[in-house]
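Residue-level structure breakdown
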Amino acid sequence: MDLCKRGEMRAERFLDAATEVFAEKGYQHARLSEIVARAGGSLATLYRIFGDKEGLAHAIIERRLKAHTALLEDMNLSGLPPEQALRRVAIRLARIMAQAESQVVYRIVIGEGQSFPTLRDWFFETAVTTARKTLTDYFQQEVDAGRLQLASPKAAAAQFYMSLFGDQIVRLASGNTNIPDPETLESRALAAVDLFLHGALPRWGGGRVHSLI
C-alpha cells in the first residue's frame, strides 16, 4: 500500500521492532502486541500496513532482498581476477550475514519454511537466484577467458555460495542464536575462498598430487 512519509517511518519502526522480536523469540512465538509495544503506534495501524504477522515477515524479507540485491549488483566483478573478485563477494556477503535482519530471514524461510512455502519459495527464487546468477555470469566469463577451469559455472556458483555460510545458515535455521562477530564471519568466508580456488591437496612441481600413496 502507498504510504506518506510519516507512514513510511512508522512502517520502518514496525519492521525494526519485528526483526528484534523475531530474532529473540522466533517467528512462531513472536507476539504482535510486543512488536507494537516496542515500535509505538497501535495494533490497528500495524494490521492496516502489513495485514498480519506473515505480512510483517514478508516485508522484512523484501527489505533484506532489496539491500542484498543492490549490494550484489554494485560489486562490479567483471574484469577482476578470481581471487580478488571472490574475496570481494565473500566480504560483502559476510557483512550481510552479520546483520540481525539477515539472521531472522534465514530462520523464517529455512527453519520455518514448511509453514510458509510461498514466502520460502519467493525468497529462494529472488535472493538466492540473484546471487548465484551474479556468480555464474562471472565464472562463465573467467572460463571463457581461460582463467578458470570449471565443468559447470552454474554448479560452481552454487557450491561456492553455500561454502561461504552454509554451516551458519543451518545453525540459524535450527534456532541457534549464537552468531559469530562480523570479523569471524569474514575470516571464515575468506578461508572458504582460498579452499575453493586452491583446494586442499598438496602440490608438487607445479602440478597437483593426485595420490599420496
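Our subject in this report is the structure included herewith. The shown structure was predicted, so the numbers you read here are calculated from the model rather than taken from an experiment. (Residues numbered from 1 in each chain as written. Predicted model: local features only at pLDDT ≥ 70, side-chain atom pairs only at ≥ 80, totals over all residues. Heavy atoms only, no water.)

Let us look at the overall build of the chain. Each helix and strand in the chain was counted, giving nine helices and two strands. Overall size of the chain, expressed as C-alpha extent along the three principal axes, is 70 × 35 × 30 Å. In the chain, buried positions account for 41% of the 213 residues. The long-range share in the chain, meaning contacts at least 24 apart out of those at least 6 apart in sequence, stands at 66%. Side chains of the chain give 26 positive and 25 negative charges; the mean places of these two sets differ by 1 Å. (Helix = DSSP H or I, 4+ residues; strand = E, 2+ residues; numbered from the N terminus. Buried < 20%, exposed > 50% of the residue type's maximum accessible area, 1.4 Å probe, protein only. Contact = heavy atoms within 4.5 Å. Lys, Arg positive; Asp, Glu negative; His and termini not counted. Charge placed at Lys NZ, Arg CZ, Asp CG, Glu CD.)

Membership of the largest hydrophobic core comes to 61 residues, with the highest contact counts inside it found for Phe 22, Ile 35, Phe 50, Phe 123, Phe 139, Leu 164 and Phe 165. Residues within four places of Phe 139 in sequence aside, it is in contact with Leu 86, Leu 148, Leu 150, Pro 153, Ala 156, Ala 157, Phe 160 and Phe 196. (Core = buried A, V, L, I, M, F, W, Y, C linked by side-chain atoms within 4.5 Å.)

Before going further, it helps to spend a moment on the packing of aromatic side chains. Between two aromatic rings, the relevant description is the distance of the centres plus the angle of the planes. In this structure the tally under the stated criterion is eight aromatic pairs. Among the aromatic residues, ring-to-ring pairing joins Tyr 138, Phe 139, Phe 160 and Phe 196 into one connected group. The ring of Tyr 27 carries Lys 53 above its face, with NZ or CZ at 4.8 Å from the centroid. (Phe/Tyr/Trp six-rings, centres within 6.5 Å; stacked < 30°, edge-to-face > 60°. Lys NZ or Arg CZ within 6 Å of the ring centre and 35° of its normal.)

Right, let's talk about helix H8 (residues 153-173) for a bit. Compared with the 30 Å implied by 1.5 Å per residue over 21 residues, the 28 Å span of H8 between its first and last C-alpha is a close match. Of all the bends in H8, the largest measures some 60° and sits at Phe 165. Within the span of H8, buried status applies to Pro 153, Ala 156, Ala 157, Phe 160, Tyr 161, Leu 164, Phe 165, Gly 166, Gln 168, Ile 169 and Leu 172. Directly beyond the C-terminal end of H8, a positive phi value near 100° is found at Gly 175. (Expected span 1.5 Å × (residues − 1). Bend = angle between axes of the 7 residues up to and from the residue.)

Here we come to the packing of helix H5 (residues 82-97) against H8. Contact pair H5 / H8: the axes reach a minimum separation of 10 Å and the direction vectors enclose 15°. It follows that H5 is roughly parallel to H8 by the angle criterion. Between H5 and H8 the crossing geometry is right-handed. Only Phe 160, Tyr 161, Leu 164, Phe 165, Gln 168, Ile 169 and Leu 172 of H8 make contact with H5, whose side of the interface consists of Leu 86, Val 89, Ala 90, Leu 93, Ala 94 and Met 97. (Axes fitted to C-alpha atoms, helices over the stretch in contact; angles between N-to-C directions. Parallel < 35°, antiparallel > 145°, perpendicular 65-115°, else oblique. Left-handed = near helix turned anticlockwise from the far one by under 90°.)

The next thing to look at is the pattern of salt bridges. Pairing between side chains of opposite charge can happen when their charged atoms approach one another. One pass over the structure, following the stated rule, counts 10 salt bridges. A salt bridge links Asp 16 to Arg 63, with the nearest nitrogen and oxygen atoms 3.0 Å apart. Pair noted here: Asp 16 is in helix H1 (residues 5-29) and Arg 63 is in helix H4 (residues 53-73), with a separation of 47 residues, a long-range link. One continuous salt-bridge network, built from bridges that share partners, spans Glu 20, Glu 24, Lys 25, Glu 34 and Arg 38. (Salt bridge = Lys/Arg side-chain N within 4 Å of Asp/Glu carboxyl O.)

On to the environment of Met 75. With respect to the helices and strands, the residue Met 75 is situated in the loop between H4 and H5. Taking the C-alpha atoms as reference points, Met 75 and Thr 184, 109 residues apart in sequence, are found 22 Å from one another. Ignoring anything within four residues of it in the chain, the contact list for Met 75 reads Arg 88, Val 89, Arg 92 and Thr 134.

Interaxial distance between H5 and helix H7 (residues 117-144) falls to 12 Å at its minimum, and their mutual angle equals 175°. What the angle tells us is that H5 and H7 run roughly antiparallel. Note on element contacts: H7 touches H5 through Leu 135, Tyr 138, Phe 139 and Glu 142, opposite Pro 82, Ala 85, Leu 86 and Val 89. For the contact of H5 with H7, the per-class residue count stands at seven nonpolar, no polar and one charged. (Nonpolar A, V, L, I, M, F, W, Y, C, P; charged D, E, K, R; others polar.)

Take the side chain of Glu 142 next. Relative to the assigned elements, Glu 142 resides in helix H7. Glu 142 gets classed as buried once you look at its relative accessible area, which sits at 0%. Discounting residues that sit within four places of it in the chain, Glu 142 has contacts with Leu 80, Pro 82, Arg 147 and Leu 148.

Turning our attention to the side chain of Arg 10. By secondary structure assignment, the location of Arg 10 is in helix H1. No salt bridge is formed by the buried Arg 10. Its closest oppositely charged neighbour is Glu 8, at 11 Å.

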